[in-house]
Amino acid sequence: MPGTGSGQVRRPLVTGEPDWVPPGVDTQRANVARVYDYLLGGSHNFLADQDLGRAIAAVEPKARAIARANRAFVGRAVRFLMAAGIRQFLDIGSGIPTQGNVHEVAQQADPGARVTYVDIDPVAIAHSRAILAGNENTAIIDADLRDPEKILAHPAAQGLIDFGQPAGLLIVAILHFISDAEDPWRLVATLRDALAPGSYLVLCHATNESKPTVAQAAEKVYNTSVATQVHMRSRAEILRFFDGFDLVDPGLVYIPEWHPDSPADVPSDPSQFWGLVGVGAKP
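Presented here is a report on the structure given in the accompanying data block. This one's a predicted model, so the numbers in the text were calculated from it and none came from an experiment. (Residues numbered from 1 in each chain as written. Predicted model: local features only at pLDDT ≥ 70, side-chain atom pairs only at ≥ 80, totals over all residues. Heavy atoms only, no water.)

Some words on the pairing of strand β3 (residues 138-142)
1) Next: Burial analysis of β3 places 4 of its 5 residues in the buried class, the great majority of the element.
2) Next: With 5 bridges joining them, strand β2 (residues 114-119) and β3 adopt parallel strand pairing. Paired with Tyr117 across the bridge in β3 is Ile140.
3) Next: The parallel pair β2 and β3, bridged by helix α5 (residues 122-132), forms a crossover whose chirality is right-handed. (Buried < 20%, exposed > 50% of the residue type's maximum accessible area, 1.4 Å probe, protein only. Helix = DSSP H or I, 4+ residues; strand = E, 2+ residues; numbered from the N terminus. Pairing = 2+ DSSP bridges. Right-handed = clockwise from strand over helix to strand, strands pointing away.)

Structure below.
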């Protein structure tokens with residue numbers, strides 16, 4: 001996913017980099033958004049990101065499948081919200097654009113659907129701006145989930161989202177990069193309180209319950225290579241993010257179990273996709 005790095009960048013340490021690399025990006029250090037891009041089969045990543053992606057895949061061979069499943073969940077959730085009448089979306093930690101972006105899914109159903117993306121990775125921001133150029137119903141904000149007040153007050157968000165009307169809030173595969181000490185539950189509650197009744201929260205969070213040993217190994221691999229540490233959580237901890245929301249069926253489940261396009265898309269052991277997802281409605 002989506003997810004982003006620390007936001008602290010340095011000048012490139014090598015020459016001969018692609019011309020799409022924004023100034024100041026440190027290509028020698030793996031970055032959350034670019035590792036996810038690599039796992040999805042994208043091309044906007046560097047050797048450090050690829051090395052970490054391969055190391056993660058060595059610990060969890062289904063890493064690429066999990067990334068693809070997460071991306072597919074986003075599409076299903078957006079279609080669900082569109083069917084529920086939602087026409088404006090705030091996607092925080094949107095990552096590097098790839099196939100099936102929120103605005104593409106939403107605007108396929110209604111060209112007037114409005115989407116505000118939020119990220120802090122300069123590569124993600126640069127490519128989002130390029131893809132969104134000329135699309136007046138979209139915007140990308142350079143901001144951090146750790147500062148929800150800045151996101152809510154940003155002119156781009158205020159210009160596209162009517163917070164007096166129901167909206168879709170997507171926080172997909174990013175909360176596990178925020179530590180308990182930073183109180184991610186408060187961050188989500190701040191955003192929730194700004195939403196009108198009838199709004200929805202779409203969430204995906206890595207869990208350590210299904211494969212605790214593998215999860216611990218993956219955390220160790222990740223945290224030795226990326227400035228932004230990963231913090232997997234229990235089902236009970238993840239469920240707390242939905243305080244103030246009513247979970248829609250089927251509740252908080254493993255990624256493939258949420259409104260699958262076909263029963264055949266659900267493996268015999270869904271817990272092998274070790275992310276819990278859910279959609280909650282604000283009453």
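A few points about helix α4 (residues 102-109)
1) Next: Among the residues of α4, Val102, His103, Val105, Ala106 and Gln107 are the ones counted as buried.
2) Next: Packing partners of the buried residues in α4 comprise α3 (63-83), β1 (88-92), β2, α5, β3 and β4 (168-172). (Contact = heavy atoms within 4.5 Å.)

What about the environment of His231?
1) Next: With respect to the helices and strands, His231 occurs in the loop between α9 (212-223) and α10 (235-239).
2) Next: With 51 residues separating them along the chain, His231 and Asp180 place their C-alpha atoms 8.3 Å apart.
3) Next: Every residue in contact with His231, bar those within four places of it in the chain, is listed here: His176, Phe177, Ile178, Ser179, His205 and Glu219.

Points about the layout of surface pockets
1) Next: Computed from the structure, the second largest pocket encloses a volume of approximately 170 Å³.
2) Next: Here the lining of the second largest pocket is composed, by residue class, of 7 nonpolar, no polar and 3 charged. (1 Å grid on protein atoms, 1.4 Å probe; cavity = no way out; pocket = protein on both sides within 12 Å on 5 of 7 lines; lining within 4 Å. Points joined across faces, edges and corners; volume = space filled by probe spheres on them. Nonpolar A, V, L, I, M, F, W, Y, C, P; charged D, E, K, R; others polar.)

Remarks on the nonpolar core
1) Next: If you look at the biggest cluster of nonpolar residues, it comprises 37 residues, and the most contacted ones within it are Phe73, Val78, Phe89 and Val279.
2) Next: Going through the elements one at a time, α3, α4, β2, α5, β4, β5 (200-206) and β8 (275-281) are the ones with two or more residues in this core.
3) Next: A total of 9 residues in this core trace back to one element, the largest contributor, which is α3.
4) Next: What Val78 contacts, discounting residues up to four positions off in sequence, is Phe89, Val102, Val105, Ala106 and Leu170.
5) Next: Core analysis: the next-biggest nonpolar cluster, separate from the first, contains 34 residues, Ile92, Ile141, Leu160 and Phe163 among them. (Core = buried A, V, L, I, M, F, W, Y, C linked by side-chain atoms within 4.5 Å.)

As for the packing of aromatic side chains
1) Next: According to the stated counting rule, one finds 4 aromatic pairs in the structure shown.
2) Next: Ring plane angle 90° and centroid distance 6.3 Å describe the contact between Phe80 and Tyr200, whose orientation is recorded as edge-to-face. With Phe80 in helix α3 and Tyr200 in strand β5, the pair connects residues that are 120 residues apart, well separated along the chain.
3) Next: We classify Phe80 as partly exposed; its relative accessible area is 24%.
4) Next: Judged by its relative accessible area of 13%, Tyr200 falls in the buried class.
5) Next: Plain terms: the ring middles of Trp185 and Phe241 are 5.3 Å apart, the flat faces sit at 15° to each other, and that makes the pair stacked. Here the residue Trp185 occupies a position in helix α8 (residues 184-194), and Phe241 occupies one in the loop between α10 and β6 (246-247), the gap between them amounting to 56 residues.
6) Next: The buried category is assigned to Trp185, whose relative accessible area is 12%.
7) Next: Aromatic ring contacts, followed pair by pair, group Phe73, Phe80, Tyr200 and Trp258 into a single cluster. (Phe/Tyr/Trp six-rings, centres within 6.5 Å; stacked < 30°, edge-to-face > 60°.)

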